[in-house]
Structures are given as structure tokens and as C-alpha cells.
Amino acid sequence: ESGLVVVTESELYNTKAVIRRRGHSRTTNVEAIIRDVSELREGDPVVHAAHGVGRYHGLETISTEEGPAEFVRIDYANDAKLFVPVSQLNLISRYTGADSEHAPLNNLGRGDWEKARKKAAQKVRDTAAELLHLYAMREAKQGFAFETESSDYQAFCEGFAFEETPDQAAAIAAVINDMHSGRPMDRLVCGDVGFGKTEVAIRAAFKAATDGKQVAVLVPTTILALQHYRSFVHRLRDFPVKVEYLNRTKSSKETSRILSELAEGRIDILIGTHKILGKQVKFHDLGLLIIDEEQKFGVAAKEKLTQMSVNVDTLTLTATPIPRTLQFSLMGSRDLSVISTPPPNRQPIITESHLFSEEIIRDAVNAELDRGGQVYFVHNRVEDLMTLQGMVTRLCPRARVGIGHGKMPAEQLEKLIMDFIYGEFDVLISTTIVENGIDIPNANTIIVNNAQNFGLSDLHQLRGRVGRGSQRGYCYLLSPGDELLTPDARRRLRAIEEFSDLGSGFNIAMQDLDIRGAGNLLGAEQSGFIADIGFETYQKIMQEAIAELRSEGLEMPGMSDAEQGVVDKMSYISDSVIEIDVEAELPDSYVQQPAEKLRLYRELDTARNEEMLKSFEAKLIDRFGPLPRPAAELLNVVRLRWEAVRLGMERVKVKNGLMIVHFVGDDDSPYYKSDTFMELLRKVTQRPDRFVLKQHNNRLAMTVRGIKDVAAGYEVLKSL
């Protein structure tokens, strides 16, 4: 009707358009990933730094003395409400505790939040000291500095049959840089199933082997050991690197030969299950330890790994790190690389949760067989597998059905998997032995029975068995009715359905952290006071405790004087409250949608320097037009807060041409002996006409005259 014809590129040129990812479009920004998970919905629990746990109830515009202003509403116990100016959004974090549905809401004005924080701070201090000690030991340890990249390494990289995704290339570069440094590597590479973690490990192993060091690759299952052995041998076939594997399928004679050659240094890379942790396994010169799917190993195995990895580079691979591992990495005591860009042509796996139904099983199996594919059917009770085989055969008479489980003789299990790989049968009914290591592009439907009994990471790993080629994968989670499920089981099934996008393993790990809680960082405890204060507050208290211990002389070995100075400068306060008498917000006339507005506020809160702020400003102007005055003031509030934190000012008030600042509240704080404070004191005492220092409620405060707006206040603090 409009006389318009739309012609696509592929119709004109008969080619399929390829979307080229820019290198920086999905870079590994862990903080951004966490914030994506933390998008707030009405009713979600949040933590206010000064008032504790409440529930978020959206944005509201309220008339004040200075005119209408935008606030975040948080509801607390006994119907109390708190309205937080959007310029103080940095004081709010998402509550991540053991169970957000039953988050312990605090009472406003009763002091129970302060008590919970103090109780946590006392417990955390000991953990912080131990963590600092561990980190210091790691920094002080002398590792092996591998040689810089050689022509052999370049040739090996070029033998990779695929183009690295941006995240994969970044992870490889980070690992190789770690190996070149003289400090033992301790890096966690978190990436979805099939996103290229194995290639990262193979490159590191090649680097170590060609530099004369041995490599141990520890995997949780016999099948995964075999799968990795095939992958390593295939990639290293043109190079003089000897690879062997050790698991229960090996005869005593073969095992003795492998152990002998390993001790003599004739084996470069040994892949194996728990067996390689045995006392009889002796390496000639171990240089690199690779741990695949760390969450599958128990405490005893990890103790043994800790002993093995003294002065040895350690690389841990996982799709869904356990909460404690993730917590260590987020706190910086382990290096972290996240691979979240999927390989080209990979499609998200369609995940559906259903009540157990023979009709769904029949339709799912028949649909997969109709497109020439194969099916996994996972049920974690060996005793029931024969019954399920009979049921599937009855429902789908044309399907050839096999059974597999960990109690089978090793040789029989290996043959069964090989037969399935070569298409000898259509449906594999098994326990969770298929969770790790089986890579069969032709198997693209998985049915998980009694899914409520599996952990989040298990469900994610099982789902990752399908959709590994260009075919669309389907995952069906079968469970009893809702009334028979625990609240946590319901949340797990909801989370695995919700996070079905490619690269969602990290998000699932964060959800796991949310559901299970973080637990004690260094001990065996798996729960505690974190439920009372939330994970982000726990992290903040931990960082404050670490800063305090450092200020008392617990410095970090291996840290230069300049780096220690940066730590000292940043450790006095973690935040500053800004109060102003002008509008500082994104007005409704500028950004209409509340959800989008909140997302922009949170993005602004992540800005850490002027470059990031300028980039944010440019994006706003590009999308919504020139900045109105309240939006420009909001950016200035962010700048003012940076300077206040740098100078140790806990509160800054700009009003009626004056700026009043309150310094660190603790008289005994090392801040008052720091170079930062001494320099500030020297500058302000030279201008008594403009700067007035005084004690206010036993706290040091300062009044600055001649401040016409927030920008002027920022310039003054910047000059100090």
C-alpha cells in the first residue's frame, strides 16, 4: 500500500549475511555480567548499605522543597518504607542470600541491621586474615617463567580448525601471560559447555610440554578422560609431544608402564581421573596442572591438589563454578576469565520443564528420530534403568535402546559409548555418566527424569550434551507436581529454564550462589550469617576487613610500593553519601520507561573513571538527545562522589552556596595519619577564607564557601 518493497541482502547476493562480532562487544567484564543477572523486578529483595534488607518497589517521583525528584522505593518490615534518591543508587545492591523468597527484612530504625553487620564483621576478620595470608603466600611463591612465544607455538595455534571467539582469544592470552610471569598461575576459566575451554587447556599444555615441563590433566570421569585423550592426541599429532591417559579401563601392565615412563619424564601430558592423585603417581617435572570440572571433586581430592600445585601453574576449567570457587574469583584471590561468546552457528537449547508424561517422552523421541538424530534419557537410579528401557521400547517401537551406568565393567561401558557415537543405537538410557565428556553432534535431544533431584550445575552440564553442532538442541526436564517440590527445587527448575541462552553458565553459577548461599570461604561450613546480610554486603565487609588488615601492616608480598600506595589510598572508605539541593536524575520527559531508566542508573553506577562517564554520556545523547540540566547534574554527582571517596569524605552536602563535608568517622582510622589527609590539611589551612575545619558531633567536618553548584564542588575537591 505504501509503494515500498523490502529486499534482503541474501536475496540480492545469494549469500548468507554473517554478523561479525566486534572484539569489544562481549568482552569479559565480570561486573557487567553480574549486573545483568542483578536486574531488579518489583518485589525483589535488596540491601541498603545503611538500613539493611528490604524489597524493591520501583521508582517514584516525589515533591520536595527543591521541587519534584525521583526516588527508589524500598519496603521494610512492619510496612515501613524508605525512599532513596537516584543519586544514591550506589548504596543499594541486590540481596543474594540463601533464599530470596524468604529474605529476612530488617526493621527501620531499630539497629538490628547494624548488629548483623557488626556480627558478620567480627567473623569475617579472621577469614580475611587467612585469605590475605593465602594470597600473600601465592604472591611470594616463585614459579616457573615459561619462555615467550615461539614459532612452534604460532604454528600450533594456526592448526586450530576454527576461528577463536573474542572471549576465547582473551582467555588464551591471559593464560599464556600468566605462564610467562614468574608467579604460579591460579586461573579459573568459566565458559559454557562447548564454548572452547578445552582449546584453552590444550594451548597451555602445548606451551608447558614444549618448554620441557610435564602436564597433569585431572578429569572427574572415565569417559571424559577418554574424550580429552582423543582431543589432545588429535590436536598434537604433528608435534613431538607424548600424551597418555590413566583410568580404570587400563590394565595393571599398562598402568605400570605409564607410571614408569611418567617418572622418567618420557610422558609429556597425562590425562586421568582421581587415579592420578594416587601416591604411586610420580611426575619427573610437573609444570602445569589442569583441572576440568572442579565442582565434581570432593574436599579430600582438593587437599591433594593443593599439595600438588605448590609452585605449579594451575588452570581450572568449569561451566558452572561452585559458589565458593566463584566467590574466591570474584574477590580477586583467583584470576578469572569468562568465555561467554558462543561459537558461530550455535543455537540456544530449547529447555522445557514438564510433569512426567509418557506422551512427552514419546513425542520427544519420535521427533528426534524423524530428523535422523539420537536421544539421551537420564535417570539417576541404576535399579530403574531396565524398566525405563521397556517403557521407551513400548512407546517408540522403532527406537534401538541401550543402557549405561557407572557400575558396568569399564571395557563394556567404553564399548557402549563408542557404539552410541557410531550410531549403533538411537536412545541411551543412563545415569549421569554422560554429564561430562561425551561430544556427539548427532545427539540433540536430552530427557532428564526426576530433574528436581539434580543441582543447577548438573542440569546445565546435562543440557550441554545436546545442541553442540548446528542442529537445534532440546532439553526436557521431567518432575512430579509443584506440590511435591521443595522451594529450592522449584527455583532451580525455573532458573535452568530462564537461563537457556548461550553463554549462561556464569549466570547459572550466580543463581546457584543465590540459592545455595556462599558458605564459609575457607572452611567446611556451607551456610551462616551471609543469609542475614546478603552476599554483596558480605563481600563489601570482607574487602573492608582486608583493607583494615593491610593498613595495620599486613602488606602483600610481591606488590610494588606504587601498588601498595594505591591500595592505601582506596582503603579508607568504600563510598560517600552526596546530598544536593538541585534535581539530579533522568527526567521522565527524557527517558520514559522506568525499567530502562533503572538499567541506565545501574550502568552509570558502574562508571569508574572519566572515560567511562564520557562514554555513558555519549550513549545517552545518541539515544535520547542533548542532556537536560538534571541529567547533567546527575553525572556531576558521580564525579563529586569519586573525589569524596578519594579524599576520605563519608558525606558531602552542597546547598545554599556552601559545601559541607564529613571525614572518616573513626578517630583511630589510619586515614588521619595518611599522606592523603596531610596534603589536604596543608592545602585547606592556606585558605582560611574559603575552608573552615571544625568538630561536629565528635567528627571532623569542613565547610567550603562559594560553591554555586555540584560542578563547582567537584572542581574544588579535585584541586585538593
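Here the structure is shown first, and the text comes after it.
The shown structure was predicted, so the numbers you read here are calculated from the model rather than taken from an experiment. (Residues numbered from 1 in each chain as written. Predicted model: local features only at pLDDT ≥ 70, side-chain atom pairs only at ≥ 80, totals over all residues. Heavy atoms only, no water.)

A.B. asks: Mind showing me how you'd approach unusual backbone geometry here?
C.D. replies: Trans peptide bonds make up most of the peptide bonds, and negative phi angles are found at most residues other than glycine. A positive phi is found at N450, a non-glycine position, where the angle reads about 50°. As for its placement among the helices and strands, N450 is situated in the loop between β17 (443–448) and α14 (456–463). When its relative accessible area of 29% is taken as the criterion, N450 is described as partly exposed. The backbone phi angle of N656 is positive, close to 50°, even though this residue is not glycine. Looking at where N656 falls in the secondary structure, it is placed in the loop between β20 (649–655) and β21 (658–663). (Helix = DSSP H or I, 4+ residues; strand = E, 2+ residues; numbered from the N terminus. Buried < 20%, exposed > 50% of the residue type's maximum accessible area, 1.4 Å probe, protein only.)

A.B. asks: Before we go on, may I ask you to explain the packing of helix α22 (residues 629–646) against helix α24 (residues 710–719) in this structure?
C.D. replies: In a pair of packed helices, the angle between the axes and the distance between the axes together describe the arrangement. One way to put it is that α22 packs onto α24 with a least axis distance of 9 Å and a crossing angle of 25°. Viewed along their axes, α22 and α24 adopt a mutual orientation that is roughly parallel. Between α22 and α24 lies a crossing of left-handed hand. From α22, E633, N636, V637, R639, L640, E643, A644 and R646 reach across to α24, where they touch V710, A711, G713, Y714, L717 and K718. Its residues assigned to classes, the contact of α22 with α24 shows seven nonpolar, two polar and five charged. (Axes fitted to C-alpha atoms, helices over the stretch in contact; angles between N-to-C directions. Parallel < 35°, antiparallel > 145°, perpendicular 65-115°, else oblique. Left-handed = near helix turned anticlockwise from the far one by under 90°. Contact = heavy atoms within 4.5 Å. Nonpolar A, V, L, I, M, F, W, Y, C, P; charged D, E, K, R; others polar.)

A.B. asks: Any chance you could explain helix α4 (residues 151–158) here in plain terms?
C.D. replies: One turn of the α-helix equals 3.6 residues, which is why residues spaced by three or four share an orientation. Burial in α4 covers these residues: Y153, F156 and C157. Axial view of α4: buried residues confined to an arc of 100°, hence all on one face. Of the exposed residues in α4, the ones pointing more than 90 degrees away from its buried face are S151 and E158. For α4, the elements touching its buried residues are α5 (166–180), α6 (197–210) and α7 (222–235). (Arc of directions from axis to C-beta.)

A.B. asks: What is the right way to read the environment of P670 from this model?
C.D. replies: Summarising the element assignment, P670 is placed in the loop between β21 and α23 (675–685). Take P670: its relative accessible area is 33%, and that puts it in the partly exposed class. Distance from P670 to Y572, taken between C-alpha atoms, is 7.6 Å for residues 98 residues apart in sequence.

A.B. asks: In this structure, what is going on with the sheet that holds strand β8 (residues 243–246)? I would like to understand it.
C.D. replies: Consider a sheet: its strands pair through backbone hydrogen bonds, and that pairing is either parallel or antiparallel. Pairing is parallel in the open sheet, where seven strands are placed in the order β8-β9-β7-β10-β11-β6-β12. A single partner strand is all that each edge strand has here, and the edge strands are β8 and β12 (335–339). Strand-to-strand twist in this sheet, taken as the mean axis angle between neighbours without regard to direction, amounts to 15°. Pairing of strand β7 (residues 214–218) with strand β9 (residues 269–272), which is carried by four bridges, proceeds in the parallel orientation. Each bridged residue has a counterpart across the sheet, and for V217 the counterpart in β9 is I271. Contacts between helix α8 (residues 252–264) and the sheet are confined to β7, β8 and β9, with β8 contributing the most and set at about 130° to the helix. (Pairing = 2+ DSSP bridges.)

A.B. asks: How do you make sense of the packing of aromatic side chains when you look at a structure like this?
C.D. replies: One pair of aromatic rings is described through two measures. These are the centre distance and the angle between the planes. A full pass over the atoms with the stated rule returns 14 aromatic pairs. Seen in terms of ring centroids, Y229 and Y245 are 4.7 Å apart; in terms of plane orientation they differ by 40°. Their pairing is tilted. Taken together, the positions of Y229 in helix α7 and Y245 in strand β8 put the pair 16 residues apart, joining distant regions of the chain. For Y245, a relative accessible area of 8% corresponds to the buried category. Ring centres 6.5 Å apart and planes at 10° place the aromatic pair Y474 and Y476 in the stacked group. Classification of Y474 by relative accessible area gives partly exposed; the value is 25%. By way of ring pairs, the aromatic residues Y153, F156, F206 and F239 are connected into one cluster. (Phe/Tyr/Trp six-rings, centres within 6.5 Å; stacked < 30°, edge-to-face > 60°.)

A.B. asks: Is there a simple way to think about the packing of helix α11 (residues 358–370) against helix α12 (residues 385–395) in this case?
C.D. replies: For the pair α11 and α12, interaxial distance at closest approach is 10 Å and the crossing angle is 65°. Here α11 lies roughly perpendicular to α12, going by the angle between them. For the element pair α11 and α12, the recorded crossing hand is right-handed. Contacts between α11 and α12 pair E358, I361 and R362 from the former with M391, R394 and L395 from the latter. Residues belonging to the contact of α11 with α12 are distributed by class as follows: three nonpolar, no polar and three charged.

A.B. asks: In this structure, what is going on with the nonpolar core? I would like to understand it.
C.D. replies: Burial of nonpolar side chains together is a common tendency in soluble globular proteins. The biggest cluster of nonpolar side chains holds 58 residues, and the ones touching the most others in it are M649 and M659. By size, the runner-up hydrophobic cluster in this structure holds 40 residues, among which are V200, I202, L224 and F239. (Core = buried A, V, L, I, M, F, W, Y, C linked by side-chain atoms within 4.5 Å.)

A.B. asks: Before we go on, may I ask you to explain the pairing of strand β22 (residues 691–696) in this structure?
C.D. replies: Along a regular strand, successive side chains alternate from one face of the sheet to the other. Sheet topology note: the β22/strand β23 (residues 699–705) ladder contains six bridges and is antiparallel. Its bridge partner being in β23, H696 is matched across the sheet by R699.

A.B. asks: What is the right way to read the environment of G706 from this model?
C.D. replies: With respect to the helices and strands, the residue G706 is situated in the loop between β23 and α24. When the C-alpha positions of G706 and R690 are compared, they lie 7.5 Å apart, and in sequence the two are 16 residues distant. When neighbours within four sequence positions are excluded, G706 is seen to be in contact with G657 and R690.

A.B. asks: Whenever I open this one, helix α21 (residues 610–624) confuses me. Can you help?
C.D. replies: Compared with the 21 Å implied by 1.5 Å per residue over 15 residues, the 21 Å span of α21 between its first and last C-alpha is a close match. If you check which residues of α21 are buried, you get L613, F616, E617 and L620. Looking straight down α21, one finds that the buried residues subtend no more than 100° of arc, so they occupy a single side. Residues of α21 that are exposed and angled more than 90 degrees away from the buried face: E611 and D622. Along its buried surface, α21 packs onto α20 (594–605) and α22. At the N-terminal boundary of α21, the capping side chain belongs to N609, with an oxygen 3.3 Å from the backbone nitrogen of E611. The positive-phi residue at the C-terminal boundary of α21 is G625, with phi of around 100°. (Expected span 1.5 Å × (residues − 1). Polar contact = N/O pair within 3.5 Å; in protein donor to acceptor, adjacent residues only side chain to side chain.)

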